[in-house]
Structure formats: structure tokens, C-alpha cells
Amino acid sequence: MKAYKTLLFDVDETLLDFKAAEKQALSLLFHEHGFPLTEAVKVRYKEINDRLWQAYENGELARDEVVNTRFSLLLKEYGKEADGAHLQESYKSYLEQGHDLIDGAFSLIEKLSKYYDLYVVTNGISSTQYKRLKDSKLYPFFKGIFVSEDTGFQKPMKEYFNYVFKRIQGHNLAQTLIIGDSLSADIKGGLAAGIDTCWFNQEGKSNKGIVPTYEIAKLDELYDLLLTSTSVR
């Protein structure tokens, strides 16, 4: 196995438990505005949200259009008119409070920071991601944070990765590995950018034909995988 120098980490559902943060934020948001959050509403929100973010990854929608319309589109289906941008601001304030770690994330990042140059590569809202990383205590271990909102591009766009690579001193494609849970954003993007990829597949999802360099089901498997690299002593 080749020796890596640079490790690029996704955030949501890779290091931080986004599902837990989202669940809490949605509950607080709907309670605040007096809307019932039934199981059916949760399912429909996920469908709308996933569709919009997929369009964002494909370069079909701007990030603001995604976040400022998802709630208004949802509530419109239930006969309610709502200010999507206003709901987004409330949701964002609640989401920022969620910083639960994926099992093993802190110990892994702490260990790997002694041997590798670690960077964050994440699609999302800059202020939200920075706050969650700082509150989780992961922030100091990273040499750089690259949030799509700040770059003007998003994973899996090659322009996003070019932006990142230009800002990593002495960057070498052959010594770079991206770790993430999304086949469509992290793995597809990494492959197109010419770097090795590691798919964190903790839920045992089926592969849609995008073949990663490595696949792990638990974060501690990454450390074991990298132990064969001559970078680790």
C-alpha cells in the first residue's frame, strides 16, 4: 500500500453525526413554528431535501436555492405557505448546536494528526460547519477547512478539488486520500480529481457502480488500513 501524506475528511456522517443533529433541529424548528412533525412529514422532508442537494451536487441548483426553498416546498404540499428563508435561519441556528461524534472519530483524528496532514472537505454552510467542528473539539487537528460555501464550488466538482489542492502546500495527488460516506460526492469527486478514495459505509449500503479504492464500515478500520503505510511509525 502506498504511503499517504494528506488525508481529506468529509464531516457529516463521517466524523459528526449529522442525522442526530438534523433530528434535533427539525424537532425544535417545527415545534417553534407550530407545525406537526409526523413520521410522514419527516419522510417527505428527506425526499425533498435529498433531491435538492443532489441537484446542488450536479451543479443544477445554487446552495441558497436548496436551503431557502426546502421547507417552503415541503409545507406547500401540506397546504401551508411559509417563508423558506426565515425557516432556514431558524433551522440553521438549531443545527449548529449538533456536534455529536461518530463512534471513534475523535480518537482516530487525534492519532492520525500525529502522522498526516489532515484537512476537512465538506459541502454545507460555512458558519455551521465551523461551529460544529469547534464544539466537537476536532477543529485544532486540521490544517485547513474547505467548506463549499467558501470555495464557490462543491463536491464532486473537479473545480472544488482544484481549489483545495492549490491551497495545500506541496500537495501531491499520489499521496492524498479522501475519506467520506457519500459515493456521489466524496468518492465520485475524489476519483475524478485523481486521488485515492475511502468509502465509509457504516450502514452497509449497496454500491451504485462507483468503485472506491478502499471501503470501511467502522472508523477504526481506517487506522488499521493506514498502518500498512510507511508513513506511520
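Note: the structure precedes this text.
Model, not experiment: these values are computed from the prediction. (Residues numbered from 1 in each chain as written. Predicted model: local features only at pLDDT ≥ 70, side-chain atom pairs only at ≥ 80, totals over all residues. Heavy atoms only, no water.)

## Let's talk about the pattern of salt bridges
Line of reasoning, step 1. Throughout the structure, instances matching the rule amount to 14 salt bridges.
Line of reasoning, step 2. One salt bridge connects Asp 117 with Lys 143, and the closest N-O pair in it is separated by 2.9 Å. Within this pair, whereas Asp 117 is found in strand S2 (residues 117-122), its partner Lys 143 is found in the loop between helix H6 (126-135) and strand S3 (144-147), the two being separated by 26 residues in sequence.
Line of reasoning, step 3. A network of salt bridges, in which partner residues are shared, links Asp 10, Lys 155 and Asp 186. (Salt bridge = Lys/Arg side-chain N within 4 Å of Asp/Glu carboxyl O. Helix = DSSP H or I, 4+ residues; strand = E, 2+ residues; numbered from the N terminus.)

## Regarding the side chain of Thr 122
Line of reasoning, step 1. Along the chain, the position of Thr 122 falls in strand S2.
Line of reasoning, step 2. Taking the relative accessible area as the measure of exposure, Thr 122 reaches 0% and is therefore buried.
Line of reasoning, step 3. Ignoring anything within four residues of it in the chain, the contact list for Thr 122 reads Asp 10, Val 11, Gln 129, Phe 146, Val 147, Ser 148, Lys 155 and Tyr 160. (Buried < 20%, exposed > 50% of the residue type's maximum accessible area, 1.4 Å probe, protein only. Contact = heavy atoms within 4.5 Å.)

## Some words on the packing of aromatic side chains
Line of reasoning, step 1. Summed over all chains, the structure comprises 12 aromatic pairs.
Line of reasoning, step 2. Judged by centre distance (6.5 Å) and plane angle (85°), the rings of Tyr 4 and Tyr 214 are edge-to-face. Of this pair, Tyr 4 sits in the segment before strand S1 (6-9) while Tyr 214 sits in strand S6 (residues 214-216), and the two are 210 residues apart along the sequence. Accessibility classification places Tyr 4 together with Tyr 214 in one group, the buried group.
Line of reasoning, step 3. Consider the rings of Phe 106 and Phe 141, whose centres lie 5.5 Å apart with planes at 75°: the pair is edge-to-face. One end of the pair, Phe 106, is in helix H5 (residues 105-112); the other, Phe 141, is in the loop between H6 and S3, with 35 residues separating them in the sequence.
Line of reasoning, step 4. Three or more aromatic residues link up through ring pairs in this structure, and these residues are Tyr 45, Phe 71 and Tyr 91.
Line of reasoning, step 5. Across the ring face of Tyr 139, the terminal group of Lys 134 is positioned such that the distance to the ring centre comes to 5.1 Å. (Phe/Tyr/Trp six-rings, centres within 6.5 Å; stacked < 30°, edge-to-face > 60°. Lys NZ or Arg CZ within 6 Å of the ring centre and 35° of its normal.)

So yeah, pure geometry; function would need other evidence.
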